[in-house]
Amino acid sequence: MPKIALLSPEVSRKIAAGEVIERPFSVVKELVENSLDAGASSVRVELAAGGKGVIRVRDDGCGMSREDALLAFERHSTSKIREEADLERIATMGFRGEALASIGAVSRLTLRTSEGGEGGVEIEREGDRLAAVRDAGLPRGTTVEVRDLFFNLPARLKFLKSDSSELSQSAKWLTSIACAFFEVAFSLSHGPRQLFSWPGVRTLKERLYQVYGKDLVDRLMEADYAEGGSRVFGFASRPPSGRADKSQQFFYVNRRPVKDRIMQAALNQAFRPLLEKNQCAEAFLFLEHPLGEVDVNVHPAKSEVRFRDSQAVFRVVQRSIDKAVLDEGTVKVVPFGQPPETASPRAAVEDARPGQLIGDPYARPLAGRGPAPAAGERPGVSQPGGVRVLGQYLAMYIVASSEDGIFVIDQHNAHEKVLFEKYKEIGRDKLWPRKLALIPILFDLPPSDVLSLEENRDLLAASGFRVEEAGGRTYALKEYPDILRDEEAQNIFLSLLAEIKREKLDGRQDKLLATLACKTAVKAGEPLSRPQMEHLVEELFRLPRPGLCPHGRPVLLRMDRGQIDKSLRRPSN
Ligand code: ADP
Ligand code: MG
């Protein structure tokens, strides 16, 4: 065993910095939090090369004296807490006193700050070194400019992504913090291009309007509910509207954007009976919770919290939705299996003849919501290849048999697999049959989605989606794959975009098609009629490797005849 040695201060500072500062977005987050803690009414963020080149954050907050500005770069220097007991009641965004020290350790940094009047100071740092300190006449406020992030930490530099991907993380986070601090003006520029500029407003609703546009605000209901010292307020989907994924669920605890499983579970549970099976709520929910009841010091980037009484939190969130729904008074519960109100002619054909291909190779017969399984349906008929459907189990699995054994087939995975193969076939010929939207489908996109849309326009076009700008952040979906119904085109498009943004796609069309297949496949929980099941099983067993779905999950379980005989001690014939 080698001898233990203490790390040099320089190395240990870099290690500590790495915990807090992972990428340009972490710098943006820490600097903007400082501006908000300083009481700024305007925060301007300017980035170059996605933040890898330059990150500049300007505020008009309280500023710092020369003495404080020099101290601010020491580790654990903070004006926000003084003693251990303060950790129990943190009301500021920052409190660890390590952000500036950490950023300073891994970049070239200039700080300009003034408390107003004539004074002001400009400090330049390079890595751990103080390079210059000068007096400067500046207006009240602080500007921090960070250049060449990780110039002295090449290992970290290698893990940074493309400019637009780094930029979109910052844009996304700024969007979420801007919703919490709606009274503050926020702007973001990338090089010469301004991505947004939102003046301060008086209400959350006005901010949502600025950020996401009228469409979103129109489909939300307001929530406000208090119980036992906590309060939940904000906005959530007005049932039955929702969206196909959970990418638009934002939670805040005492104004801090957090990822929180408790709040998310409470929201989704409250919405379960209110939305269709494959729909999720959109939400911007703010929890005001007693400072002593929540620990914000559990995560280096402060993006997670811990509650002393998580059941109480679950309850107040869930009840806030229940109450909002009651207040709305116009709940329409949509039972699954019910045909969409505006069924297209195409859907009508599919409904009439479930399980039939009606002459085109990319039909989605199962999603046509055929007749609900009726009692007394004819017993399973023989399938080509000798696979016979015995029935459906738990509205999730199809049980089938053949001479060789018994199959338990996951209906969603199986349909996804079948569709994926079809979509690929179409994709290969580069001829996605498209449908022209007669009335263009208009929607508003948040800035981070605008970026991923622009970046992936070709990929989306190759998969049959054509989108045009319609002014500002409004976009028009002009064409979409023919397999999609009008009512679902927008939702599916938005969830593809969300998927692209999560960077699982790496610009590869087959991954996009896999997602499309997943979104358009029949869901677990949908009762299927026998002809629908037979059709699906037939299609599935026609494929060369029916056992694996495009996402790599197994499609079916198989119990061999021999195995069954052996287990039941019956001699095989
Ligand atoms: P923390 O925010 O956890 O206190 P930081 O390293 O982020 O630690 O900042 C150290 C201190 O520098 C803060 O406590 C604050 O007093 C001061 N400071 C940092 N940024 C600003 C700013 N934009 N305006 C005014 N003061 C600031
Ligand atoms: Mg801070």
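Procedures and definitions
Residues numbered from 1 in each chain as written. Chains lettered and ligands numbered in written order. Predicted model: local features only at pLDDT ≥ 70, side-chain atom pairs only at ≥ 80, totals over all residues. Heavy atoms only, no water. Pairing = 2+ DSSP bridges. Helix = DSSP H or I, 4+ residues; strand = E, 2+ residues; numbered from the N terminus. Axes fitted to C-alpha atoms, helices over the stretch in contact; angles between N-to-C directions. Contact = heavy atoms within 4.5 Å. Polar contact = N/O pair within 3.5 Å; in protein donor to acceptor, adjacent residues only side chain to side chain. Phe/Tyr/Trp six-rings, centres within 6.5 Å; stacked < 30°, edge-to-face > 60°. Buried < 20%, exposed > 50% of the residue type's maximum accessible area, 1.4 Å probe, protein only. Lys, Arg positive; Asp, Glu negative; His and termini not counted. Salt bridge = Lys/Arg side-chain N within 4 Å of Asp/Glu carboxyl O. Near = heavy atom within 4 Å. 1 Å grid on protein atoms, 1.4 Å probe; cavity = no way out; pocket = protein on both sides within 12 Å on 5 of 7 lines; lining within 4 Å. Sits in = over half its atoms within 2 Å of the grid points. Nonpolar A, V, L, I, M, F, W, Y, C, P; charged D, E, K, R; others polar.

Our next topic: the sheet that holds strand β1 (residues 42-48). With mixed pairing, eight strands are arranged side by side in an open sheet as β5-β4-β3-β6-β2-β1-β7-β8. The open sheet has two free edges, formed respectively by β5 (129-135) and β8 (193-198), since each of these has just one partner strand. This sheet shows a mean twist of 10° between the axes of neighbouring strands, independent of strand direction. Contacts from helix α2 (residues 24-37) reach β1, β2 (54-59), β6 (141-147) and β7 (185-190), with the element oriented near 10° to β2.

Mapping Arg231 onto the fold places it in strand β10 (residues 230-237). Along the chain, Arg231 and His289 lie 58 residues apart, while their C-alpha atoms are 6.7 Å from each other. Sequence-distant contacts of Arg231, defined by excluding residues within four places in its chain, comprise Asp224, Tyr225, Ala226, Phe286, Leu287 and Glu288. Among the polar contacts made by the side chain of Arg231, one reaches the side chain of Asp224 at a distance of 3.0 Å.

On to the packing of aromatic side chains. Summed over all chains, the structure comprises nine aromatic pairs. Aromatic pair Tyr212 and Phe284: ring centres 5.4 Å apart, planes at 55°, arrangement tilted. One end of the pair, Tyr212, is in helix α7 (residues 204-212); the other, Phe284, is in strand β13 (residues 283-288), with 72 residues separating them in the sequence. Judged on exposure class, the residue Tyr212 and its partner Phe284 are both buried. Ring geometry for Phe465 versus Phe493: centroids 5.3 Å apart, planes at 45°, classification tilted. Of this pair, Phe465 sits in the loop between α14 (457-462) and β20 (466-469) while Phe493 sits in helix α15 (residues 486-501), and the two are 28 residues apart along the sequence. Judged by relative accessible area, which is 2%, Phe465 ranks as buried.

So, on to the side chain of Arg256. By the element assignment, Arg256 lies in strand β12 (residues 256-258). Glu33 provides the closest opposite charge to the buried, salt-bridge-free Arg256, at an N-O distance of 4.8 Å. There is a polar contact of 2.9 Å between the side chain of Arg256 and the backbone oxygen of Met93. With near-sequence residues (within four places) excluded, Arg256 lies in contact with Ile90, Thr92, Met93, Phe95, Phe251, Val296 and Lys302.

With antiparallel pairing, four strands are arranged side by side in an open sheet as β16-β17-β18-β22. Because the sheet does not close on itself, it has two edges, and the strands there are β16 (388-393) and β22 (556-560). Sheet twist, expressed as the mean angle between neighbouring strand axes with direction ignored, is 20°. Across five bridges, β16 lies against strand β17 (residues 397-402) in antiparallel orientation. Across the sheet, Gly391 pairs through a bridge with Val399, a residue of β17. Contacts from helix α17 (residues 530-542) reach β16, β17, β18 (405-410) and β22 within the one sheet, and its direction differs from that of β16 by about 120°.

With that settled, consider the site of ligand 1. Lining the immediate environment of ligand 1, one finds 18 residues, of which Asn34, Thr78, Ser79, Lys80 and Gly97 sit closest. Within the backbone of Ala99, an N or O atom sits 3.2 Å from an oxygen atom of ligand 1. Leu100 places a main-chain nitrogen or oxygen 2.9 Å from an oxygen atom of ligand 1. A majority-of-atoms criterion places ligand 1 in the second largest pocket. By residue class, the composition of the shell around ligand 1 is six nonpolar, eight polar and four charged.

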